[in-house]
Amino acid sequence: MPKAEYDKQGKYFWHLVKLAGWTEERVDKLILKKYQATHWNALSVREKSTMVAIMKRYAEKEETNRLKRMRQGLMAMVARRGYNLDWLHERMVEWGYGESLRALSATRINALNMDIRKAIGE
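Residues numbered from 1 in each chain as written. Predicted model: local features only at pLDDT ≥ 70, side-chain atom pairs only at ≥ 80, totals over all residues. Heavy atoms only, no water.

Draft legend 1. Representation of the environment of Ile-31. Its location among the elements puts Ile-31 in helix H2 (residues 24-35). When the C-alpha atoms of Ile-31 and Asp-7 are compared, they prove to be 17 Å apart, with 24 residues separating the residues in sequence. Discounting residues that sit within four places of it in the chain, Ile-31 has contacts with Gln-36, Ala-37, His-39, Trp-40, Leu-43 and Met-51. (Helix = DSSP H or I, 4+ residues; strand = E, 2+ residues; numbered from the N terminus. Contact = heavy atoms within 4.5 Å.)

Right, dumping it as structure tokens:
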């Protein structure tokens, strides 16, 4: 039997699943445990909304962890080359990134990473 197409909400849900780093098997187990259903399309509108809210929290948590790993990697690279955090923060202000690594988006962290690599010759 062919799989049914997902509606907009279903497509958004699976996008969140990917962002959260979950597998299809893990999602299926959650749906089965929570609603005794075997597929997204078997859920009611309210159940789908609840599942989106649940997955949104997992995706946000994964994004937070990903940004944390990026910041840690950047600081480790600086330390490996013999510089300290004061040097990093001075360069951030000088290059227009502000004073806080935590305030930077993933895109800005990547840009800062490239600028630091140029500055330290890596």
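Draft legend 2. Quick peek at the packing of H2 against helix H3 (residues 45-80). H3 packs onto H2 with a crossing angle of 130° between their chain directions and a minimal axis gap of 12 Å. The angle between the axes of H2 and H3 places the two elements in the oblique class. The way H2 lies across H3 gives a crossing that is right-handed. Contacts between H2 and H3 involve Leu-30, Ile-31, Lys-34 and Tyr-35 from the first element and Glu-47, Thr-50, Met-51, Ile-54 and Met-55 from the second. Here the contact of H2 with H3 is composed, by residue class, of six nonpolar, one polar and two charged. (Axes fitted to C-alpha atoms, helices over the stretch in contact; angles between N-to-C directions. Parallel < 35°, antiparallel > 145°, perpendicular 65-115°, else oblique. Left-handed = near helix turned anticlockwise from the far one by under 90°. Nonpolar A, V, L, I, M, F, W, Y, C, P; charged D, E, K, R; others polar.)

Draft legend 3. Region of the structure containing the nonpolar core. The biggest cluster of nonpolar side chains holds 18 residues, and the ones touching the most others in it are Phe-13, Met-51 and Met-55. Secondary structure elements with two or more residues in this core: helix H1 (8-20), H2 and H3. If sequence neighbours within four positions are ignored, Phe-13 has contacts with Val-27, Trp-40, Met-51, Val-52 and Met-55. Of all hydrophobic cores here, the second largest spans 16 residues; its members include Leu-67, Met-92, Ala-106 and Ile-120. (Core = buried A, V, L, I, M, F, W, Y, C linked by side-chain atoms within 4.5 Å. Buried < 20%, exposed > 50% of the residue type's maximum accessible area, 1.4 Å probe, protein only.)

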